[in-house]
Amino acid sequence: MGTPKRPAVRIAREQDVLAQVRGTQDRIADAITVWAGSMGFVYLHALWFTVWIVCNMGVFGAGAIWDPFPFGLLTMIVSLEAIFLSTFVMVSQNRQAARENVRADLDFETNVRSEVWSIHMGRALGVDPVEVERRVQELLAENRARMDGTAQPPPGK
């Protein structure tokens, strides 16, 4: 008879957490935002505006004019499209913020796990945690000073 099997430690993945809370509406909003942010969208609109304006300027005859200058119908359609697209962008930004929160939570959880494991391994190896923490604080202070541009060069340099 062997030792009892312990369950494996399972660390949550960002994609798994987000998949649990992502609904059909979120997928639709994301798809629209991805399409609206593409060059294909820009090219399609440039073509559409060109055809609309050329037709309504009478290039193909008076029978092809359905929205005479100053293109009131085109203006209304573009305004409505802008309202909806800005809403989809805001929805997408909210979802991105939620993803960042999930990512931050998972990063924090990973950092806590690492710290706990490090402490246990350090104890098992007889490492002084107070000395390790003192050295960590020194390195952090040096790094902050370098980032702030206030670091002093090491002696002899």
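Residues numbered from 1 in each chain as written. Predicted model: local features only at pLDDT ≥ 70, side-chain atom pairs only at ≥ 80, totals over all residues. Heavy atoms only, no water.

Draft legend 1. Broad picture of the packing of aromatic side chains. Across all of its chains, the model carries 5 aromatic pairs by this definition. Ring geometry for Trp52 versus Trp66: centroids 5.2 Å apart, planes at 70°, classification edge-to-face. Of this pair, Trp52 sits in helix H3 (residues 39–56) while Trp66 sits in the loop between H3 and helix H4 (72–125); the two residues are 14 residues apart in sequence, bridging distant segments of the chain. For Trp66, a relative accessible area of 44% translates into the label partly exposed. What links up through ring pairs into an aromatic cluster is the set Trp48, Phe49, Trp52 and Trp66. (Phe/Tyr/Trp six-rings, centres within 6.5 Å; stacked < 30°, edge-to-face > 60°. Helix = DSSP H or I, 4+ residues; strand = E, 2+ residues; numbered from the N terminus. Buried < 20%, exposed > 50% of the residue type's maximum accessible area, 1.4 Å probe, protein only.)

Draft legend 2. Quick peek at the confidence of the model for the chain. Summing up the model confidence of the chain, the mean pLDDT is 87 and the portion of residues at 70 or higher is 89%. Mean pLDDT across the elements of the chain bottoms out in helix H1 (residues 14–21) (74) and peaks in H3 (96). (pLDDT = per-residue confidence, 0-100.)

Draft legend 3. The packing of H1 against H4, seen in detail. Contact geometry for H1 and H4: axes closest at 10 Å, N-to-C directions at 135°. When the interaxial angle is binned, H1 and H4 end up oblique. As H1 packs across H4, the resulting crossing turns out to be right-handed. Counted together, Glu14, Val17 and Leu18 of H1 and Arg99, Val102, Arg103 and Leu106 of H4 form the full contact between these two elements. Looking at side-chain class alone, the contact of H1 with H4 contains 4 nonpolar, no polar and 3 charged residues. (Axes fitted to C-alpha atoms, helices over the stretch in contact; angles between N-to-C directions. Parallel < 35°, antiparallel > 145°, perpendicular 65-115°, else oblique. Left-handed = near helix turned anticlockwise from the far one by under 90°. Contact = heavy atoms within 4.5 Å. Nonpolar A, V, L, I, M, F, W, Y, C, P; charged D, E, K, R; others polar.)

Draft legend 4. A look at the pattern of salt bridges. Under the defined criterion, the tally for this structure stands at 8 salt bridges. When salt bridges with common partners are traced through the structure, they connect Glu131, Arg134, Arg135, Glu138, Glu142 and Arg146 into a single cluster. (Salt bridge = Lys/Arg side-chain N within 4 Å of Asp/Glu carboxyl O.)

Draft legend 5. Layout of the environment of Val78. Within the fold, Val78 resides in helix H4. On the accessibility criterion, Val78 (29% relative accessible area) is partly exposed. Sequence separation between Val78 and His45 is 33 residues, and the spatial gap between their C-alpha atoms is 9.9 Å.

Draft legend 6. Inspection of the packing of helix H2 (residues 24–36) against H4 at higher detail. Relative to each other, H2 and H4 sit at 115°, their axes nearing to 9 Å. Our classification of the angle between H2 and H4 gives roughly perpendicular. Classified by chirality, the crossing of H4 by H2 is left-handed. When H2 is examined against H4, the residues Asp26, Ala29, Asp30, Ile32, Thr33 and Ala36 are found in contact with a partner set consisting of Leu85, Phe88, Val89, Val91, Ser92, Arg95 and Arg99.

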